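Given next are the chains, with one letter for each unit.
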Amino acid sequence: MALFYSGFLLAVPTANKDAYADMARKGWEIFKDYGCLAIHENWGVDVPDGKVTSFPMAVQKKEDETVVFSWLVWPDQKTATAGFESMMKDPRMKDMQKMPFDGKRMMWGGFEELVSLSQPTAA
């Protein structure tokens, strides 16, 4: 069985870094209840502007914003789809509606794992 990923790319006002992290932690409490296996939120520290395309261009990043790249790990697409549908009805999501970023510039999509390789970690 291949894992399924919900990926997100967005611009967050740099001043809202802590608020975004808090939102992600609160979101995890809901996501895991609907089958999500893991959440990864990544704050951009080396995300260059491009000439034709780039992460900053894709999210229309402003000078006072930072690019965030995140993904949720699901056991499969069926669980992800059912999880998102159920979460929209969960009363806890009401607390998540005040987002510390402009949701209109967020991109998202679902991805099947194609190749997964890793270096063993030292014990």
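For the structure itself, look to the data block above.
Residues numbered from 1 in each chain as written. Predicted model: local features only at pLDDT ≥ 70, side-chain atom pairs only at ≥ 80, totals over all residues. Heavy atoms only, no water.

### Let's talk about the sheet that holds strand β4 (residues 107-112)
With respect to topology, 4 strands assemble into an open sheet ordered β2-β3-β1-β4, the strand pairing being antiparallel. Of all strands in the sheet, those with a lone pairing partner are β2 (38-43) and β4, marking the two edges. Averaged over all pairs of adjacent strands, the angle between strand axes in this sheet comes to 20°, irrespective of strand direction. Sheet topology note: the strand β1 (residues 4-13)/β4 ladder contains 6 bridges and is antiparallel. If you follow G7 over to β4, its bridge partner there is G109. (Pairing = 2+ DSSP bridges. Helix = DSSP H or I, 4+ residues; strand = E, 2+ residues; numbered from the N terminus. Axes fitted to C-alpha atoms, helices over the stretch in contact; angles between N-to-C directions.)

### Here's the deal with helix α1 (residues 17-31)
With 15 residues, α1 should reach 21 Å at 1.5 Å per residue; the first-to-last C-alpha distance of 20 Å fits that figure. Burial in α1 covers these residues: Y20, M23, A24, G27, I30 and F31. Projected onto a plane normal to the axis of α1, the buried residues spread over an arc of 110° and lie on a single side. Away from its buried face by more than 90 degrees, α1 exposes D18, R25 and K26. Buried positions along α1 lie against β1, β2, β3 (65-74) and α3 (77-87). (Expected span 1.5 Å × (residues − 1). Buried < 20%, exposed > 50% of the residue type's maximum accessible area, 1.4 Å probe, protein only. Arc of directions from axis to C-beta. Contact = heavy atoms within 4.5 Å.)

### As for the nonpolar core
Core analysis: the biggest nonpolar cluster contains 17 residues, and L10, V12, Y20, L72, W74, M87 and F101 have the highest contact counts within it. Going through the elements one at a time, β1, α1, β3 and α3 are the ones with two or more residues in this core. (Core = buried A, V, L, I, M, F, W, Y, C linked by side-chain atoms within 4.5 Å.)

### Points about a nonpolar patch on the surface
A cluster of nonpolar side chains, contributed by L114, V115 and L117, occupies part of the molecular surface with about 420 Å² of accessible area. Its relative accessible area of 77% is what places L117 among the exposed residues. (Patch = residues over 30% accessible without salt bridge, like charges linked within 9 Å, V, L, I, M, F, W, Y side chains within 5 Å. Areas by Shrake-Rupley, 256 points an atom, 1.4 Å probe, with all protein chains shown as cover. Salt bridge = Lys/Arg side-chain N within 4 Å of Asp/Glu carboxyl O.)

### Brief notes about the environment of P48
The topology assignment puts P48 in the loop between β2 and α2 (55-58). When sequence neighbours within four positions are dropped, the list of residues in contact with P48 reads S54 and P56.

### Things to note about the environment of C36
Among the secondary structure elements, C36 is positioned in the loop between α1 and β2. Beyond its immediate stretch of four places on either side in the chain, C36 contacts W28, F31, L72, V73 and W74.

### Details of the packing of aromatic side chains
All told, the structure shown has 4 aromatic pairs when counted by the stated rule. Ring centres 5.9 Å apart and planes at 20° place the aromatic pair F55 and F69 in the stacked group. Highlighted residues: F55 in helix α2 and F69 in strand β3, separated in sequence by 14 residues. Its relative accessible area of 41% is what places F55 among the partly exposed residues. (Phe/Tyr/Trp six-rings, centres within 6.5 Å; stacked < 30°, edge-to-face > 60°.)

### Considering the pattern of salt bridges
Oppositely charged side chains can pair when the atoms bearing their charge come close. Using the criterion set out here, one finds 6 salt bridges in the structure. Put simply, D90 and R92 hold a salt bridge, and the shortest N to O gap is 2.8 Å. When salt bridges with common partners are traced through the structure, they connect D33, D90 and R92 into a single cluster.

### Structural notes on the pairing of β3
Where burial is concerned, most of β3 is hidden: 8 out of the 10 residues are buried. As judged from the 10 bridges shared by β1 and β3, these two strands associate in the antiparallel manner. For L9, the partnering residue across the bridge sits in β3 and is F69. Across 6 bridges, the pairing between β2 and β3 is antiparallel. When the bridges of β3 are listed, A38 appears paired with V73.

That is the geometry; function is a separate question.
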